[in-house]
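# Coordinate analysis (summary)
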Number of protein chains: 2
Amino acid sequence: MSSTQANGSQPHRFDPNFTQSVIDAMGPKTDPRLREVMSSLIRHLHDFTREVELTVDEWMAGVKFINLIGQTSTATRNEAHRMSDVLGLESLVDEIAHKHVNESGEEPTSSSILGPFWSPNAPFRELGGSIIQDGVPPKGQPTLMHGVITDLDTKKPIPGAVIDIWQASANGKYDFQDPENQTPNNLRGKFRCNEKGEYWFYCLKPTAYSLPTDGAAGALFTALDRHPMRPAHIHLMMTAEGYKPVTTQLYPRDDPYVTNDTVFAVKDDLLIDFLPRKDDAQAGLDLEYNVKLAPREGKTAPMEGVARL
Amino acid sequence: MSSTQANGSQPHRFDPNFTQSVIDAMGPKTDPRLREVMSSLIRHLHDFTREVELTVDEWMAGVKFINLIGQTSTATRNEAHRMSDVLGLESLVDEIAHKHVNESGEEPTSSSILGPFWSPNAPFRELGGSIIQDGVPPKGQPTLMHGVITDLDTKKPIPGAVIDIWQASANGKYDFQDPENQTPNNLRGKFRCNEKGEYWFYCLKPTAYSLPTDGAAGALFTALDRHPMRPAHIHLMMTAEGYKPVTTQLYPRDDPYVTNDTVFAVKDDLLIDFLPRKDDAQAGLDLEYNVKLAPREGKTAPMEGVARL
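As annotated in an unreviewed UniProt entry, chain A carries the name Aromatic compound dioxygenase and is attributed to Polyplosphaeria fusca. Here is the UniProt Sequence similarities (unreviewed entry) comment for chain A, exactly as written: "Belongs to the intradiol ring-cleavage dioxygenase family." Under Cofactor (unreviewed entry), UniProt gives the following word-for-word description of chain A: "Fe(3+)".

Here it is, written out as structure tokens:
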């Protein structure tokens, strides 16, 4: 009743040669790494299909769903990115990328997923400036965020290191999702540290929000009886010439969704505390967040790590 | 260095609880079968990702590709369906569906994939009529196709059984891909057998053709160094009240692509021979194809099997 597949596929009672024949259709000019990735993907897709004995109706529902993902996407909405987050893939890829750093003997720098809302166009702002460009929104809680970016090995500050911050407004929307209320680059900005590696700027205490539920991801949330909420978070990307870039997210420790983030991105050491701030007309809250960057081998441009975008 | 996952996932050196936490996010109202399917899908997607240690760049390339699939699709073009064919999924689902028939003790009726070109709107035509509505195209070879549809168990003919045929023209295109040369329902038609279970009509000897290569599937063919050709084929769907419907494809035995079909749909017993036909002004070729349908238990509508479309 069962036959064993080569290459790690699971035993099953169907044609034992079928999956390999699909893999073997790849021609000799296929890039070796792509061959490795696609061979594994085809084996797992087929193993999944056989394991659950996927019916024709279920397969066709999947086909329609895959089409819906791309049809939901627009120039400012990446539903395939969101879908992969909802299935935990971006967090997993982040863990895998990070594990490599671990094994090279360096202390891991906390990282988290990029998400679909980073913009390559965020402007540099002056230290001490504010990313709250459109005025404090209703329920918004202005915060002075500040810290020092240092070298993991030497413990010395990194003058000129760049911290890129982006966050949703208090209504849970990013600028390009919310053109009625926000101008472009509201709640986004890049800051260059001073000679002491220090940065400081004004932002908002972040607000928990729902992923958009009118597209493919929404259909999946309903079908899987899952909530669409992300815990409140601040997105950060830190870069400096000669250092490995770090992309991360910070979460207020008291947010009810930090234990059940719908994109599985929270890690314990990314939980932060907002403290009261006195005598500052611009902000009632204070957030200190210090960053350690690991040196990278060889000379590379500081933005190399995000060139993929 | 490795930990073993519950539920059949492969050992790996990453967070051993992550995949289960994504699965466990499904709420209590999830349909039980959907929970089974999605649990397996999530496990295999994660196993694949860990197995090849998918990089951030590769993951992002996958995200873009998934979006491209839906963006390539239109009202008359189902790229996700095509993509699943190119990865062998529709053929595999067809084998799985068919295996069930096998195990109930009945002789298997040869089946093959539906493909994305079936139309629910094909008209009934008179026995002896022709599906070549727009005149014989250049290089077209008209054929009289005929046969008897019988009951697998009693061997008796099935009066009123319906045979639905669709095929590409000699330029490799179906009617709705080719509005400049073909009117709607050219090379499509349904025929109802006579009292002796006989059918006969005129069609073309089919022509090998390339899948469209300007979309997501085309990008994959190039990357995987694969050709986009399907062997020449005739699509058929046979239905009769009280019988299990059969969807299949027939392939001329002498076609060079029957051994390397890009959607992996050819089976040996679906290879057919076109014979010379004499004294027929309408056709120079003859194709006999007899069909056996298995009775189904209980009374059901003859089209139930295709209601999914």
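The next thing to look at is the interface of chain A and chain B. Taken together, the contact pairs 78 residues of chain A with 78 residues of chain B. Carbon and sulfur atoms supply 66% of the area that chain A and chain B bury against each other, a total of about 6800 Å² over both sides. The interface formed by chain A and chain B includes two salt bridges. In this structure, Arg-33 of chain A engages Glu-58 of chain B in a salt bridge whose closest nitrogen and oxygen atoms are separated by 2.7 Å. Applying the counting criterion to the chain A and chain B interface returns 31 residue pairs in polar contact (both at pLDDT 80 or more). Elements supplying a minimum of two residues to the side of chain A that touches chain B: helix 1 (18-24), helix 2 (32-51), helix 3 (56-72), helix 4 (79-86), helix 5 (89-103) and helix 6 (216-223) of chain A. The element that contributes the greatest number of residues to the side of chain A that touches chain B is helix 2 of chain A, accounting for 17 residues. When grouped by side-chain class, the residues that make up the side of chain A that touches chain B number 35 nonpolar, 20 polar and 23 charged.

Take unusual backbone geometry next. A positive phi angle is found at Lys-139 of chain A, which is not glycine, with a value near 70°. Residue Lys-139 of chain A is classed as exposed on the basis of its relative accessible area, which comes to 80%. The phi angle at Asp-279 of chain B is positive, at roughly 60°, despite the residue not being glycine. Locating Asp-279 of chain B in the fold gives a position in the loop between strand 10 (275-276) and strand 11 (285-288). The exposed category is assigned to Asp-279 of chain B, whose relative accessible area is 82%.

A few words on the sheet that holds strand 2 (residues 162-166) of chain B. All names here are of chain B. Read from one edge of the open sheet, five strands run 3-2-7-8-9, paired in mixed fashion. Where the open sheet ends on each side, the last strands, each with one partner, are strand 3 (188-192) and strand 9 (271-272). Across five bridges, strand 2 lies against strand 7 (residues 234-239) in antiparallel orientation. Directly across from Ile-165, in strand 7, lies its bridge partner Leu-236.

This part takes up the packing of helix 3 of chain A against helix 4 (residues 79-86) of chain B. Following both chains from N to C, one finds helix 3 of chain A and helix 4 of chain B inclined at 120°, their axes separated by 8 Å at the closest point. Between helix 3 of chain A and helix 4 of chain B, the crossing angle belongs to the class labelled oblique. Relative to helix 4 of chain B, the crossing made by helix 3 of chain A is right-handed. Residues Trp-59, Met-60, Val-63, Ile-66 and Asn-67 of chain A of helix 3 of chain A touch helix 4 of chain B, and the partners they reach there are Glu-79, Ala-80, His-81, Ser-84 and Asp-85 of chain B.

Overlaying chain A on chain B yields an RMSD of 0.0 Å, the required transformation being a rotation through 180° with an accompanying axial translation of 0.0 Å. On this basis, the relationship between the two copies can be described by a two-fold rotation axis. The position closest to the rotation axis in chain A is occupied by the C-alpha of Gly-70 of chain A, lying 1.9 Å away.

Residue and element names in this part refer to chain B. Counted residue by residue, strand 3 has four buried out of five residues, so it is predominantly covered. Both strand 2 and strand 3 contribute to a ladder of five bridges, which runs antiparallel. Bridge assignment links Val-162 to a residue of strand 3, and that residue is Arg-192.

Our focus in this paragraph is the pairing of strand 2 (residues 162-166) of chain A. Extensive coverage of strand 2 of chain A is indicated by the burial of five of its five residues. The side-chain alternation of strand 2 of chain A yields two buried faces, one formed by Val-162, Asp-164 and Trp-166 of chain A and the other by Ile-163 and Ile-165 of chain A.

Here the focus is the nonpolar core. Ranked by size, the top nonpolar core spans 76 residues in total, and within it Met-145, Ile-149, Ile-165, Leu-236 and Leu-293 of chain A carry the most contacts. Apart from the residues within four sequence positions on either side, Leu-236 of chain A is in contact with Met-145, Ile-163, Asp-164, Ile-165, Trp-166, Val-246, Thr-247, Thr-248, Leu-250 and Tyr-289 of chain A.

Counted by the stated rule, this structure contains 12 aromatic pairs over all chains. Ring centres 4.2 Å apart and planes at 15° place the aromatic pair Phe-117 of chain B and Tyr-174 of chain B in the stacked group. With a gap of 57 residues between them, Phe-117 of chain B in the loop between helix 5 (89-103) and strand 1 (142-151) and Tyr-174 of chain B in the loop between strand 2 and strand 3 connect regions that are remote in the sequence. No difference in accessibility class separates Phe-117 of chain B from Tyr-174 of chain B, as the two residues are buried. Among the aromatic residues, ring-to-ring pairing joins Phe-117, Tyr-174, Phe-176 and Tyr-209 of chain A into one connected group. Across the ring face of Phe-124 of chain A, the terminal group of Lys-190 of chain A is positioned such that the distance to the ring centre comes to 5.5 Å.

Residues and elements named next belong to chain A. Look at helix 3 against helix 6: their axes get within 8 Å of each other, and the N-to-C directions meet at 135°. Considering the angle they form, helix 3 stands oblique to helix 6. Of helix 6, the residues touching helix 3 (which contributes Phe-65, Leu-68, Ile-69 and Thr-72) are Ala-216, Ala-219 and Leu-220. Classifying every residue of the contact of helix 3 with helix 6 by side-chain character gives six nonpolar, one polar and no charged.

On to the side chain of Arg-77 of chain B. All names here are of chain B. Tracing the backbone shows Arg-77 in the loop between helix 3 (56-72) and helix 4. One polar contact links Arg-77 to Glu-79, side chain to side chain, over a distance of 3.1 Å. A polar contact is formed between the side chain of Arg-77 and the side chain of Asp-214, at a distance of 2.8 Å. Residues contacting Arg-77, with those up to four places away along its chain left out, are Thr-72, Arg-82, Pro-212, Asp-214 and Gly-215.

Now for helix 4 of chain B. Residues and elements named next belong to chain B. Helix 4 sits mainly inside the fold: eight of its eight residues count as buried. Restricting attention to buried positions, one finds in helix 4 the residues Glu-79, Ala-80, His-81, Arg-82, Met-83, Ser-84, Asp-85 and Val-86. With a side-chain oxygen lying 3.4 Å from the backbone nitrogen of Ala-80, the N-terminal cap of helix 4 falls on Asn-78.

The next thing to look at is the environment of Leu-87 of chain A. Residue position: Leu-87 of chain A is located in the loop between helix 4 and helix 5. With 175 residues separating them along the chain, Leu-87 of chain A and Thr-262 of chain A place their C-alpha atoms 8.8 Å apart. Not counting residues up to four positions away in its chain, the partners in contact with Leu-87 of chain A are Leu-220 of chain A together with Val-22, Met-38, Ile-42, Leu-45 and His-46 of chain B.

The next thing to look at is the sheet that holds strand 3 (residues 188-192) of chain A. Residue and element names in this part refer to chain A. Across the sheet, which stays open at both edges, the five strands sit in the order 3-2-7-8-9 with mixed pairing between neighbours. For this open sheet the edge positions go to strand 3 and strand 9 (271-272), each flanked by a neighbour on one side alone. Sheet topology note: the strand 8 (residues 246-252)/strand 9 ladder contains two bridges and is parallel. Opposite Tyr-251, over in strand 9, you have Leu-271 as the bridge partner.

Glancing now at helix 3 of chain A. Counted at 1.5 Å a residue, the expected span for helix 3 of chain A with its 17 residues is 24 Å, and the 24 Å between its end C-alpha atoms agrees. Here helix 3 of chain A has its buried residues at Val-56, Trp-59, Met-60, Val-63, Asn-67, Ile-69, Gly-70 and Thr-72 of chain A.

Criteria and cut-off values
Residues numbered from 1 in each chain as written. Chains lettered and ligands numbered in written order. Predicted model: local features only at pLDDT ≥ 70, side-chain atom pairs only at ≥ 80, totals over all residues. Heavy atoms only, no water. UniProt positions renumbered as here; feature names shortened; annotations may be inferred. Contact = heavy atoms within 4.5 Å. Buried area = accessible area lost by both parts, 1.4 Å probe. Salt bridge = Lys/Arg side-chain N within 4 Å of Asp/Glu carboxyl O. Polar contact = N/O pair within 3.5 Å; in protein donor to acceptor, adjacent residues only side chain to side chain. Helix = DSSP H or I, 4+ residues; strand = E, 2+ residues; numbered from the N terminus. Nonpolar A, V, L, I, M, F, W, Y, C, P; charged D, E, K, R; others polar. Buried < 20%, exposed > 50% of the residue type's maximum accessible area, 1.4 Å probe, protein only. Pairing = 2+ DSSP bridges. Axes fitted to C-alpha atoms, helices over the stretch in contact; angles between N-to-C directions. Parallel < 35°, antiparallel > 145°, perpendicular 65-115°, else oblique. Left-handed = near helix turned anticlockwise from the far one by under 90°. Least-squares fit on C-alpha atoms with pLDDT ≥ 70 in both. Core = buried A, V, L, I, M, F, W, Y, C linked by side-chain atoms within 4.5 Å. Phe/Tyr/Trp six-rings, centres within 6.5 Å; stacked < 30°, edge-to-face > 60°. Lys NZ or Arg CZ within 6 Å of the ring centre and 35° of its normal. Expected span 1.5 Å × (residues − 1).

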